[in-house]
Each structure stands twice: as C-alpha cells, then as structure tokens.
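Notes for the structure review
For reference, the chains in residue letters:
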Amino acid sequence: MPRVTAITATYNWATVLPYAIASVLDQTFTDFELLVIGDGCTDESEQIVDAIADPRVRWYNLPTNVGHQSGPNNEGLRQARGDVIAYLGHDDLWLPHHLEALVAAVDEGARLVHGISLDVSVTTPPVGIPWPGWVYVPGTWIPPTAVMHDRALIDEVGSWKHPRDTGTLDPEGELWARMADVSGPPRLVSRITNVKLPASKRRGVYRTRPFHEQAYWLQRIREADDPEASLRAACNERYVHAQRRRLRLRRSGTTLATADQRRRRVRRFKGLDE
C-alpha cells in the first residue's frame, strides 16, 4: 500500500496533464499513487494518462460530469489506498520536495498541512501565498494543490461538497474549516512547494487548451540547481508567459456572491460554458 494518495481532478484539458503528472513523478518522496480522475472527460485525457509508463499512475473517468472538482476528488478518496491524501490541480505543478516536506510535517503529528504556493497571475509578478505573517482564519481559501491531510480526517468530517452546498465559502475553504475544527489549524510548511496557475485568471483556456505556461515552469524547476530559490527569484521578475486578462468577480449589493454563483461565472470565463 502506498503511503500517499495524490488526487488530480481533471476535465477536458489533456494538454496540461503530462506536465502535472511529470511533476509528481519527479518527487523525491516516491511512496505514492497518483489517481487522475476525469470529471466525465470526452477528450484524449485517458490516452494521455494511459501512456504514462508508471504503475503508480491510474486513470478513472466519472460516468457523468459533475462540473466541479468535488466530484472527482470524492471518487479519488473512495479509491485511495494511502493513509495520507494530497491534491494536485491538473494545470498546477509540484516542486520535487513537495511530498517530502509535507509528509515530514505529518510525521511530526500534523493532520492538515500545506506549503507555500507560487501564485502565477497574469497582470502582476508571481507571488508566494500565503504571505509572511499570515494567520489561518476558518473558511480561508488555501489551494488544494498545496494541501495534504490524513485520510482519517475525511471519515471524521465528511467529504467534499459541491459549491451549491457551501454557501458563500468556496468548497475547499469549507472543507479545510471542517477539518480544522477536528485537527486544529492547518500547519504551514514555510517553503515554496508548488506552482499555482489559476485557470480562473485565464480567459478561455478550456477552449484553447494552452500548455506553454506549464511547460515553462516545469522546465525552470528541472533546470535549476535549487528550484525553490529559482521560484523565489521569480517573484521579482516580470512574468510574460500568460495572457493579460483576468476575471473580475463583482459583489451583489453588499452581499458576496455565493460559491455556486462564483463557480458559474468562473466557468463562463474559462470557456467551459457559454
């Protein structure tokens, strides 16, 4: 049985999968399985995953589209054999020490941990999140790509919820809050361990299916003597590899939009819905 189950939820963006999967296979901690779970994919995602010559990587496609990562993530949890769970967005990347650093925190007693993400926007230089001095507040968004938790927490607090069921909180923030009620606040590993490339800031990506950004960052990680130092340096560089458009989420009066309203708006922006 693997120690860690990594779950990648994906939907019809097969061109980025080789880069995300490669960043998992580059891990210094090797006792893992990677479950790539399609949300009713109809493109070549299955063929891309099946071509990976590594028995630790497995593919499963949901019979119908849920329209949110909660569906594939819950299927991944159902199939998971590891006692520790990690998540990787299909358009994101891990640095080689990601699993090693987070598993070390779990071995020290933490049940919910996360690293620092290099958040790559389209209008500003990349930035590390969370920022120095950050303190967790229940409901705060932490990218799933940065998070690891023990499998038993799901049994205690329940699985991922769809945005229609989480009110104003994003599903990941709502899940982390439920976990924190049991485990205490998530422990921050103060190292950059992953690259977050938010599709919600990139107009029409599910129509055009670009992969040049993932290729750029994976090559930069692989070629650096110290990948983490290279990514820290990127925070002081002008980033020119993304389209210069972003989504603006408006308030409705004085009330924040619900998670499901934001989901629908983001899906249109990304090119998933008309």
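Quick look at the structure, then. (Residues numbered from 1 in each chain as written. Predicted model: local features only at pLDDT ≥ 70, side-chain atom pairs only at ≥ 80, totals over all residues. Heavy atoms only, no water.)

**Some words on the overall build of the chain**
- The number of helices and strands found in the chain is 10 helices and nine strands.
- Rg of the C-alpha trace for the chain: 17 Å, near the compact-globule value of 19 Å for 274 residues, within the 12% margin.
- Summarising its shape, the C-alpha atoms of the chain cover approximately 45 × 45 × 40 Å along the three principal directions.
- Across the 274 residues of the chain, 56% fall into the buried class.
- For the chain, restricting intrachain contacts to residue pairs at least 6 apart in sequence, the fraction spanning at least 24 positions comes to 79%. (Helix = DSSP H or I, 4+ residues; strand = E, 2+ residues; numbered from the N terminus. Rg over C-alpha atoms; globule rule 2.2 N^0.38 Å. Buried < 20%, exposed > 50% of the residue type's maximum accessible area, 1.4 Å probe, protein only. Contact = heavy atoms within 4.5 Å.)

**Here we look at the packing of helix H1 (residues 17-25) against helix H8 (residues 212-223)**
- Close contact between H1 and H8 brings their axes to 9 Å; oriented N to C, the two are set at 20°. It follows that H1 is roughly parallel to H8 by the angle criterion. The handedness of the crossing between H1 and H8 comes out as left-handed. Contact residues: H1 offers Tyr19, Ala22 and Ser23, while H8 offers Gln214, Ala215, Leu218 and Arg222.
- Here the contact of H1 with H8 is built from residues that sort into four nonpolar, two polar and one charged. (Axes fitted to C-alpha atoms, helices over the stretch in contact; angles between N-to-C directions. Parallel < 35°, antiparallel > 145°, perpendicular 65-115°, else oblique. Left-handed = near helix turned anticlockwise from the far one by under 90°. Nonpolar A, V, L, I, M, F, W, Y, C, P; charged D, E, K, R; others polar.)

**Some points on the pairing of strand S8 (residues 147-150)**
- Alternating positions in S8 separate into two faces, Val147 and His149 on one and Met148 and Asp150 on the other, with burial throughout.
- Direction of pairing for strand S6 (residues 112-119) relative to S8: antiparallel, over a ladder of three bridges. Across the sheet, the residue bridging to Leu112 is His149, located in S8. (Pairing = 2+ DSSP bridges.)

**Some remarks on the packing of aromatic side chains**
- In total, this model carries nine aromatic pairs according to the counting rule given.
- For the ring pair Tyr19 and Phe211, a centre distance of 5.9 Å and an interplane angle of 15° mean the geometry is stacked. Taken together, the residues Tyr19 in helix H1 and Phe211 in the loop between helix H7 (205-208) and H8 connect sequence positions 192 residues apart.
- What makes Phe211 partly exposed here is its relative accessible area of 38%.
- With centroids separated by 6.4 Å and ring planes inclined at 50°, the aromatic side chains of Tyr216 and Tyr239 adopt a geometry described as tilted. (Phe/Tyr/Trp six-rings, centres within 6.5 Å; stacked < 30°, edge-to-face > 60°.)

**What about the pattern of salt bridges?**
- Per the counting criterion, the structure on display carries 21 salt bridges.
- For Asp83, the salt bridge identified is with Arg3, shortest N-O distance 3.2 Å. Linking Asp83 in the loop between helix H3 (70-79) and strand S4 (84-87) with Arg3 in the segment before strand S1 (4-10), this pair joins segments that are 80 residues apart in sequence.
- Residue class for Asp83 comes out partly exposed when judged on its relative accessible area of 44%. (Salt bridge = Lys/Arg side-chain N within 4 Å of Asp/Glu carboxyl O.)

**A short note on the side chain of Arg151**
- The topology assignment puts Arg151 in the loop between S8 and helix H5 (152-157).
- Within polar-contact distance, the side chain of Arg151 engages the backbone oxygen of Leu77 at 3.1 Å.
- For Arg151, the side chain forms a polar contact with the side chain of Asp155, separated by 3.2 Å.
- For Arg151, the residues in contact, after removing those within four places along its chain, are Leu77, Ala80, Gly82, Asp83, Val84 and Ile85. (Polar contact = N/O pair within 3.5 Å; in protein donor to acceptor, adjacent residues only side chain to side chain.)

**Let's talk about the nonpolar core**
- One finds Val4, Val36, Leu99 and Met148 to be the most contacted residues of the largest nonpolar core, which totals 28 residues.
- Of all the secondary-structure elements, those providing two or more residues to this core are S1, H1, strand S2 (32-38), strand S3 (57-61), S4 and helix H4 (98-107).
- Ranked by the residues each element gives to this core, the list is headed by H4, at six residues.
- Listed in part, the 22 residues of the second largest apolar core include Leu35, Leu112, Leu175 and Ala180. (Core = buried A, V, L, I, M, F, W, Y, C linked by side-chain atoms within 4.5 Å.)

**Here's the deal with helix H9 (residues 227-234)**
- Residues of H9 that are buried include every one of Pro227, Glu228, Ser230, Leu231 and Ala234, and no others. Buried residues of H9 fall within an arc of 160° about the axis and therefore sit on the same side.
- On its buried side, H9 packs onto S6, strand S9 (187-196) and H8. (Arc of directions from axis to C-beta.)

**A closer look at the pairing of S2**
- Most of S2 is tucked away: seven of the seven residues are buried.
- Of the two faces of S2, the one holding Phe32, Leu34, Val36 and Gly38 and the one holding Glu33, Leu35 and Ile37 are both buried throughout.
- Of the pairings in the sheet, the one linking S1 to S2 comprises seven bridges and is parallel in character. What sits directly across from Thr10, in S2, is Gly38.
- Between the parallel elements S1 and S2, the chain passes through H1 in a crossover that is right-handed.
- Where S2 meets S3, five bridges bridge the pair, whose relative direction is parallel. Residue Ile37 lies in a different strand from S3, and its bridge partner there is Tyr60.
- As for the winding sense of the linkage, the β-α-β connection from S2 through helix H2 (residues 45-50) to S3 is right-handed. (Right-handed = clockwise from strand over helix to strand, strands pointing away.)

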